[in-house]
2 protein chains.
Amino acid sequence: MKRLTIKDIAEKAGVSITTVSRVLNQKEEGMSQKTREKVLKVMEEVDFQPNQFARGLVTKRSKTFGLIVPNISNPYFPELCRGVEDEANESEYSLIICNSDDQTDKEKRYLRLLEEQQVDGIIFSAKDYLDPSDEEQLSRAKIPFVLIDRGKEEKKHSGVFLDNDKGGYLAGKHLIELGHRNIACIIGPRSIALSNDRLEGFQRALRESGVELLPSHIIEGNFQMEMAYHKSKDLLMKKEVTAIFACNDMMACGVYRMAHELGIRIPTDLSIVGFDDIPLISALIPKLTTIRQDTYQMGREAVKLLIQKLDNIETTSVLFNPTLVVRESSTPPNV
Amino acid sequence: MKRLTIKDIAEKAGVSITTVSRVLNQKEEGMSQKTREKVLKVMEEVDFQPNQFARGLVTKRSKTFGLIVPNISNPYFPELCRGVEDEANESEYSLIICNSDDQTDKEKRYLRLLEEQQVDGIIFSAKDYLDPSDEEQLSRAKIPFVLIDRGKEEKKHSGVFLDNDKGGYLAGKHLIELGHRNIACIIGPRSIALSNDRLEGFQRALRESGVELLPSHIIEGNFQMEMAYHKSKDLLMKKEVTAIFACNDMMACGVYRMAHELGIRIPTDLSIVGFDDIPLISALIPKLTTIRQDTYQMGREAVKLLIQKLDNIETTSVLFNPTLVVRESSTPPNV
DNA sequence: TTGTACGCGTTATCAG
DNA sequence: CTGATAACGCGTACAA
């Protein structure tokens, strides 16, 4: 028993295939109720499903989006995926999720794969910025796309971003207000613009109060726990600072671990502020003060933006605002 | 400038479309080197990409798999996704990832969506077991599928599973060997078979040493941190047990939090053993002893199994072995 | 060794 | 208000 086609439906209903196609696509202006219902009934009965290949062949649309994220193992991204997926599904799109594992060549392979799969659009969270060669590929393939999280500086393309500078500023201000003066910062890779944005906002907050961030107190990480763990060792052993701002929660976790190993108590000896507010940090003891972003909603917004693009509506980037969530890991310094 | 077709390639290369199609599909037995190379060169030059819709229409294959997972926010599943994705891509399949959010109706909707998208196969991690109505839908749609993680008891269908009973046993044995006699267990939902498997293995280990698990010491959770956190309160306050086995790491995190709030020290006052060994638990202090499963590899194996099915090779389920990873959260009880 | 011609299941155009 | 029919781009049986 093979799949039924609109031809079969047409026969069963005693109408032409055109008519069936019409009700399928709700192009029913001025169609008799009776015909319509007859067709609908038959379709219902046999649980008819149109062939997407044939459809795509004609319409050139796959009803599928692609999503490329840099690292699915960072809990930030599953949240983002959920947002994108939910919004896409609600608009009747499927989603192909690709994890580039922070590797540029994988990113390129996936771009290619999505092109081959003829997705209708791509939501792209690049490794760091939108690579010119990627940009060229996307435009050559004429695939509409929106950026998300990474690539804000790309003024030519719209996307959904966080005001990272503001996030950094909030973190800095908070620590300053608590009275900290000797502070360090563990940033993401220098090559990633949002790392620098967070750092700059952070430094601005310190400068406003006449506090300087020593170069030796700026540590470059890779947004992952492991490296932050190792790289924070020196810093913590020297005991020069009373507070650390980790530019994402995963790295804050690494600092927690190292602090614990060195017998440094949080927040008594050391205050820590993270960034992202990923769900899992509720497991940290003490609870982590962090800069929150509404990742799920950003995912949804990206899809809305993409759909606008498909409809040829002029789009502009959306900037989300981070907020400070004060918990237990930040207190005034111990004098 | 529209997309090029094999017809265009054929013209440029001065051959027929059949010839182009042949080199595209590597059906080149007995084709002259020269023709072949000529075609290949043209395809290279224009960066030709065949139209998947037209292909699918003829071959009835989409080169796409679907993956349904119950909860992408549990870090166990991103690992699984990575495995599935990598293996699928290596075999030139794309992957549509669907997150059912532990909701049966979403599960059904996704099954339907994947059917509509005409995926070539589905890797299905059901909410708890393979629902008869899902089973019927899958078989009616004739979509090959393999189960993963959940649904082992389904003898009719093959899949990739963990020996959960053994995992539970390892946890129990470990605690017994450390000298614990008053032990509690936080299990997953009763409706999920693997919850019971883990519990049974665990109980078997205790029984072998004449230790009984009191009904009041069996607490039903939902595999999530939050509920384990709340539900462990009573248990911890009564101070009846010296050790807890949490049936997944997320729930272990919840216990950590509650223990901390109540001033119960781990492992001095309380030993804890988790399950899964998800990456993020390296952030826990002290480090969590847990039952490890090779989630990534399980994902890969599931795809291999699925591809075998597509090739009409007889398949049997694959059972993975969990291992005990002793870290810092389990020590002999304090007497 | 290569080419011709048909069919896959839809949508869109035009005619009735 | 409804129906023929020509695309869409590819794979393949059959022909040369």
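In the annotation of an unreviewed UniProt entry, chain A is listed under the name LacI family DNA-binding transcriptional regulator and assigned to Lederbergia citri.

Draft legend 1. Here's a closer look at a nonpolar patch on the surface. Together, A:L57, A:V58, B:L57 and B:V58 make up a nonpolar patch on the protein surface, roughly 360 Å² of accessible area in all. Those elements giving two or more residues to the nonpolar patch turn out to be α4 (52-59) of chain A together with α4 (52-59) of chain B. With respect to the helices and strands, B:L57 occurs in helix α4. In this structure B:L57 comes out as partly exposed when scored by relative accessible area, which is 31%.

Draft legend 2. Highlighting the environment of A:L95. Secondary-structure assignment places A:L95 in strand β2 (residues 94-99). Under the relative-accessibility criterion, A:L95 is labelled buried at 2%. A sequence separation of 10 residues divides A:L95 from A:D105, and the C-alpha atoms of the two residues are 21 Å apart. If we ignore the near neighbours within four places in the chain, the residues touching A:L95 are A:F65, A:G66, A:L67, A:V84, A:E85, B:L95, B:I96 and B:I97.

Draft legend 3. Geometry of the interface of chain B and chain A. At the junction of the two partners, chain B supplies 55 residues and chain A supplies 55 residues. Both faces combined, the contact of chain B with chain A buries some 4900 Å², and carbon together with sulfur accounts for 52% of it. It is B:F53, B:Q118 and B:I285 in chain B that bury the most area against chain A; as a group they hold 15% of the surface buried on that side. Counting across the interface, chain B meets chain A through 10 salt bridges. In this structure, B:R112 engages A:D47 in a salt bridge whose closest nitrogen and oxygen atoms are separated by 2.8 Å. Our count for the chain B to chain A interface comes out at 22 residue pairs in polar contact (both at pLDDT 80 or more).

Draft legend 4. Spatial organisation of the protein's contact with DNA strand D. Taken together, 26 residues sit near DNA strand D, with A:T18, A:T19, A:R22, A:T35 and B:I6 positioned nearest. Among the atoms of DNA strand D lying within 4 Å of the protein, the sugar-phosphate backbone contributes 64%. At a separation of 2.5 Å, a base oxygen of DNA strand D approaches a polar side-chain atom of A:R22. The contact in question runs from a phosphate oxygen of DNA strand D to an N or O atom on the side chain of B:R55, over 2.8 Å. When contributions to the surface near DNA strand D are tallied by element, the ones reaching two or more residues are α2 (17-24) and α4 of chain A together with α2 (17-24) and α4 of chain B. Here the surface near DNA strand D takes four residues from α2(A), the largest share from any one element.

Draft legend 5. View of the sheet that holds strand β8 (residues 243-246) of chain A. Residue and element names in this part refer to chain A. With respect to topology, six strands assemble into an open sheet ordered β7-β6-β8-β9-β10-β12, the strand pairing being mixed. A single partner strand is all that each edge strand has here, and the edge strands are β7 (218-220) and β12 (323-325). Pairwise comparison of adjacent strand axes, ignoring direction, gives a mean angle of 20 degrees for this sheet. Alignment of strand β6 (residues 183-187) against β8, held across four bridges, turns out to be parallel. Its bridge partner being in β8, A184 is matched across the sheet by I244. Helix-sheet contacts for helix α8 (residues 164-178) involve β6, β8, β9 (271-276), β10 (289-292) and β12, and the interaxial angle to β9 is about 165 degrees. This element, helix α11 (residues 249-261), spans β6, β8, β9 and β10 of the sheet and lies at about 155 degrees to β9.

Draft legend 6. The arrangement of the pairing of strand β5 (residues 159-162) of chain A in detail. Residue and element names in this part refer to chain A. Of the two faces of β5, the one holding G159 and F161 and the one holding V160 and L162 are both buried throughout. As paired strands, strand β4 (residues 145-148) and β5 are joined by two bridges and run parallel to one another. Within β5, the residue paired with I148 across the bridge is V160. Bridge count for β5 against strand β11 (residues 318-320) is three bridges, and the pairing is parallel. Within β11, the residue paired with L162 across the bridge is F320.

Draft legend 7. Expanded view of the pairing of strand β6 (residues 183-187) of chain B. Residues and elements named next belong to chain B. Most of β6 is tucked away, with five of its five residues classed as buried. By the alternation rule, side chains of β6 split into I183, C185 and I187 and A184 and I186, which are all buried. Where β6 meets strand β7 (residues 218-220), three bridges bridge the pair, whose relative direction is parallel. In the sheet register, I186 faces β7, and the bridge partner there is I219. Assessed by its sense of winding, the connection that carries the chain from β6 through helix α9 (residues 193-208) to β7 is right-handed.

Draft legend 8. The side chain of B:D86, seen in detail. Position of B:D86 among the secondary structure elements: in helix α5 (residues 76-90). By relative accessible area, B:D86 is classed as buried at 10%. Look past the residues within four positions of B:D86 in its chain and what remains in contact with it is A:K106, A:Y110, B:Y296 and B:R300.

Reading the values: rules and limits
- Residue indices follow the written sequence of each chain, beginning from 1 at its first position.
- Just so you know, chain letters begin at A and ligand numbers begin at 1, following the order they were written in.
- Per-residue local features are limited, in this predicted model, to residues with pLDDT of at least 70; the limit for side-chain atom pairs, both in listing and counting, is 80 or more; totals at the level of whole chains, interfaces and linings are taken over all residues.
- Calculated side-chain values reflect all of the structure's heavy atoms, with hydrogen atoms and water omitted.
- Patches here: salt-bridge-free residues with over 30% relative accessible area, like charges joined within 9 Å, nonpolar side chains (Val, Leu, Ile, Met, Phe, Trp, Tyr) joined within 5 Å.
- Note on areas: Shrake-Rupley with a 1.4 Å probe; residue coverage comes only from the protein chains shown.
- Counted as salt bridges are all cases of a side-chain nitrogen of Lys or Arg within 4 Å of a carboxyl oxygen of Asp or Glu.
- Strands here are runs of E lasting at least two residues and helices are runs of H or I lasting at least four, both read from the DSSP assignment and numbered beginning at the N terminus.
- Exposure classes here rest on a 1.4 Å probe applied to the protein chains alone. A residue is buried below 20% of its type maximum, exposed above 50%, and partly exposed in between.
- Residues count as neighbours in contact if any of their non-hydrogen atoms are within 4.5 Å of one another.
- Buried area: the accessible area, evaluated with a 1.4 Å probe, that two parts lose upon being put together, summed over both parts.
- Pairing of N or O atoms within 3.5 Å defines a polar contact, subject to two protein rules: one partner must be a possible hydrogen donor and the other a possible acceptor, and residues neighboring in sequence count only if both atoms are side-chain atoms.
- The cutoff for a nearby residue is simple: one of its non-hydrogen atoms must lie within 4 Å of the molecule or strand.
- Pairs of strands are assigned from DSSP output, requiring at least two bridges between the strands.
- In this analysis, axes come from line fits to C-alpha atoms, helices being fitted only over the stretch in contact, and the angle between any two N-to-C directions falls in the range 0 to 180 degrees.
- Throughout, right-handed denotes a crossover for which the path from the first strand over the helix to the second runs clockwise when the strands point away from the viewer.

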